[in-house]
Amino acid sequence: MNQNSSESAFTQLTQIIQSAAKANTIEAQVQHIVDAISETLLVDVCSLYLRQPDDSLRLVASRGLIRKHPVVIPSKQGLVGQVMQLQSTINIKEPDQHPGYYYVANSAEEQFHSFCGVPLVYRAQVNGVLVVQSRRSEALLSDYVALLSTLATHLAMLIATYSKDLFVTPSQVKLYHGISGAQGVALGKAFIRKESKLSEIQKLKTDDVAAEQQRWVSLKAEAMDELRQERDTVKDTLGEGLASVLDAYQMLLSDATFEQRIVDEVAAGFQLPWAVRQSVSFFSDKFKEMDDPYLRARHEDIEHLGAKLYQIWQRTSEPETPSGSDPLILVGDHISVSDIVNLATDRLAGIVCFAGGSLSHIAVFANALGIPAVMGTGDVSVQNSEQMVVDGDAGQVICSPGRSTLREYKRIISERQSLANRLQADSQLPAVTTDNVRVTLLANSGLQADVLPGLKFGAEGIGLFRTEVPFMVRSSLPSEDDQEKIYRSLISHYKDKPVYFRTLDIGADKPLSYLPMVKEDNPALGWRGIRYILDNQPLLITQLRAFMRAAAGSEHVHLMLPMIASTEQLDQCLAILSEVHHQLIEEGVPVCRPKVGIMVEVPSCIALLPFWRNKLDFISIGTNDLSQYLLALDRNSPLVGKWYDSLHPAVLHELVRISSMAKKMNLPVSVCGEMASDPVAVTLLLGMGIQQLSMSAAKIPLIKWILRGISREQAERLLAEVLEQDNATAIRQLGQQFLASNQLLFNDSTQK
């Protein structure tokens, strides 16, 4: 191929991609590309094979190859299998002479004397193979191979991005993908919650406007009464933190603008249901148009409120819970908090919500209750009492699972439960190593609903209370009294145990819907954490007043400042704290000035620690943010997240540096973040001399069990060996080998 023909081919490449984009379905787009490749490269066959869960390859689109039956090439078989396994192109003539050749019966491919296969790679994963074949006995020209590889890249992205269930046959449509709302795995029978659909309400006129207006007054009063009752139920069973979520519905119902639109529609002569529909639709659309993800997710609240109003107006009752004791999977288009409240918690095994996302209030509830949940699945074809699997870890749902699938999930659940029971038996024992080193294990928290799980799993205090969470589940700022009640309640539950409160850490990925936020190109490095709070000092002052009032009479309350990067920031915070403390004393309010420390998250603060020794009572290393700032990548990014590993040598050497400095300064140090619950990382932290860890409450029994099975001397030897390594993979392997040699490593299916 000469230069002109090469340029022509790549011009055709652009045309192929653009014309394929006009097809109505992804199947049609893929077939269009396959057809166009055949014509552009002047080959007799172009075929697309997609990778299956068992690593076999299924033919899903072809031009020129006879298909009398489904074509599936077994794992690692044939030239196609080798392309996938090697992740590289195979371009040869006379393929039937190749030792790896695999003949597809009844395909008549023996007439083709050349083969070129290129892998479809997306985000480092091979998800298929694109193949061209010709009757001519000659390898494909290099320029055409380049063209084919480029098209394969576009195909890989198209397939991976737009359809997880591409070309699945009807008999296989049992798997639905969504977003993980809460982790965990559950089996149960479907309990479908059919919400009253406002979209079905007809636009009807009324002959009696006054009567219709009175119906609205009665409807509003009845709905408000139900919401108050539900709130009381949640408060009694789950705590004030989750109960405050329901305040959003009451506030929406009390909103003058919301009510005025209903009143105006009725005054215009329309029946009440239509008026409610119009008002709900108007405000729901307004929320959906907002850029902020948390605020955008609040459209669900207004829609849930509308459904409740319509249900009450229809005088329909809640669906009757199925008899028996079988675990239930709550399924519906828009699951509401009311649906959860009205179902016995001992039977609620999982939640599947056709709409919604990880920021919805249902996801907040599911996480607090420890109930696996999958959100945003789209319509799921399922019947009441049909067997379901909810895999909150993978964000997927399986309806009527086959016997082998059901058996595998039952095994996973059984192993997890067996492990949990085994660990729970010793959860109240102290974490003391075999050479008598005591490690304090604390729980991370953000809601009052986390209090009981923390105590159940043996937490010796709260190592990180994320004070922004109570702010995030509300529709407006909590008052000083509201905050004081939340903090005092937590302190009272952990009486005589340490409690570490982190001041508001908002901005970036944790915006508050009711506060102004600036859209930034790089929010992770922008207006967040202490930077935002120091620019909005009334927030900090109110919170500090609530802290010190709640801490009155307690010597175990600690205050942590997030994202401190400079002496100026630290001094400004300490000055505000002193001023607030002085004001409260002058007001005659009983207070206690808490111990003050910082979250070591921003790398710049590490070198400054010796200068701050007389200003700090402790430090807490936030390994999540510190690691991603050191590695200069977003650990949640689907594109670069794969490079994130908290066991990266650079991270470990910095942790050694921090712990050594803290020891020289006699400054107490703790670790909170994912490393605190990673068995390998915990062993290395012990070797560094760190003796206080904070983690998710459910992880405490496992970490406690591991620490009770090793010595600090062993951990120090492992750390010395690890610090000689230059990559995270080798470090993790060494750590896992160490744990396995001490019979402290579980199989992957149990840990996942």
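To start, this report covers the structure provided alongside it. (Residues numbered from 1 in each chain as written. Predicted model: local features only at pLDDT ≥ 70, side-chain atom pairs only at ≥ 80, totals over all residues. Heavy atoms only, no water.)

**Overview of the overall build of the protein**
Rules: Only runs of H or I of at least four residues qualify as helices and only runs of E of at least two qualify as strands under DSSP, and these elements are numbered from the N terminus. Between buried and exposed lies partly exposed: a residue is buried under 20% and exposed over 50% of the maximum accessible area for its type, with that area taken using a 1.4 Å probe on protein chains only. Using the Shrake-Rupley algorithm and a 1.4 Å probe, accessible areas are obtained, with residue cover drawn only from the displayed protein chains.
Helix and strand content of the protein: 27 helices and 23 strands. Taken across its 752 residues, the protein has 53% of its residues classed as buried. As displayed, the protein offers around 34,000 Å² of accessible surface, 49% of which is attributable to carbon and sulfur atoms.

**Section: the packing of helix α9 (residues 272-288) against helix α11 (residues 299-314)**
Going by this rule: The angle between two axes is taken between their N-to-C directions and runs from 0 to 180 degrees, where each axis is a line fitted to C-alpha atoms and a helix contributes only its stretch in contact. Each angle receives one of four descriptions, namely roughly parallel if under 35 degrees, roughly antiparallel if over 145, roughly perpendicular if within 65 to 115, and oblique otherwise. Two residues qualify as a contact provided that any one of their heavy atoms is within 4.5 Å of a heavy atom in the partner residue. Under this grouping Gly is polar, as are all residues other than the nonpolar Ala, Val, Leu, Ile, Met, Phe, Trp, Tyr, Cys and Pro and the charged Asp, Glu, Lys and Arg.
Closest axis-to-axis distance for the α9/α11 pair is 8 Å, and the angle between their directions is 170 degrees. Accordingly, the angle class assigned to the pair α9 and α11 is roughly antiparallel. From α9, L272, P273, V276, V280, F283, S284, F287 and K288 reach across to α11, where they touch H299, I302, E303, G306, L309, Y310 and W313. Split into classes, the residues belonging to the contact of α9 with α11 amount to ten nonpolar, three polar and two charged.

**Overview of the sheet that holds strand β5 (residues 114-122)**
To be explicit about the condition: Pairing between strands is defined by DSSP: at least two bridges between the two strands are required.
One open sheet accounts for six strands, arranged β3-β2-β1-β6-β5-β4; its pairing is antiparallel. The outermost strands of the open sheet, each flanked by one partner alone, are β3 (72-73) and β4 (90-93).

**Quick word on the environment of C605**
One can find C605 in the loop between β20 (595-600) and β21 (618-622). Between the C-alpha atom of C605 and that of T567, which follows or precedes it by 38 residues, the distance is 8.5 Å. Each residue touching C605, except ones within four places of it in the same chain, is listed here: I564, I598, V600 and W612.

**A look at the sheet that holds strand β14 (residues 396-399)**
Sheet strands associate in pairs through backbone hydrogen bonding, adopting either a parallel or an antiparallel arrangement. Strand order in the open sheet formed by eight strands is β7-β14-β13-β9-β10-β11-β12-β8, and the pairing between neighbours is mixed. The sheet is open, and its two borders are formed by β7 (175-177) and β8 (179-182), each paired with just one other strand. With strand direction ignored, the average angle separating the axes of adjacent strands in the sheet is 30 degrees. Bridging between β7 and β14 involves three bridges; their strand directions are antiparallel. Residue pairing in the sheet places H177 in a bridge with Q396 of β14. Contacts from helix α14 (residues 403-424) reach β9 (185-193), β13 (387-391) and β14 within the one sheet, and its direction differs from that of β9 by about 115 degrees.

**Thoughts on empty space enclosed by the protein**
In plain terms, the rule: A 1.4 Å probe that fits but cannot get out identifies a cavity on a 1 Å grid over protein atoms alone, an open set with protein on both sides within 12 Å along at least five of seven lines counts as a pocket, and a residue lines either if it has an atom within 4 Å of a point. Grid points are joined across faces, edges and corners, and a volume is the space filled by probe spheres set on the points.
Per the counting criterion, the structure on display carries five cavities of 30 Å³ or more. Taken as a whole, the largest cavity holds about 180 Å³ of empty space. As for the largest cavity, its lining consists of 16 residues, of which Y101, Y102, E109, F115 and Q133 are closest to the centre. Put simply, the parts of the chain that give the lining of the largest cavity at least two residues each are α3 (78-86) and β6 (125-134). The biggest single contributor to the lining of the largest cavity is α3, with three residues. Split into classes, the residues belonging to the lining of the largest cavity amount to eleven nonpolar, two polar and three charged.

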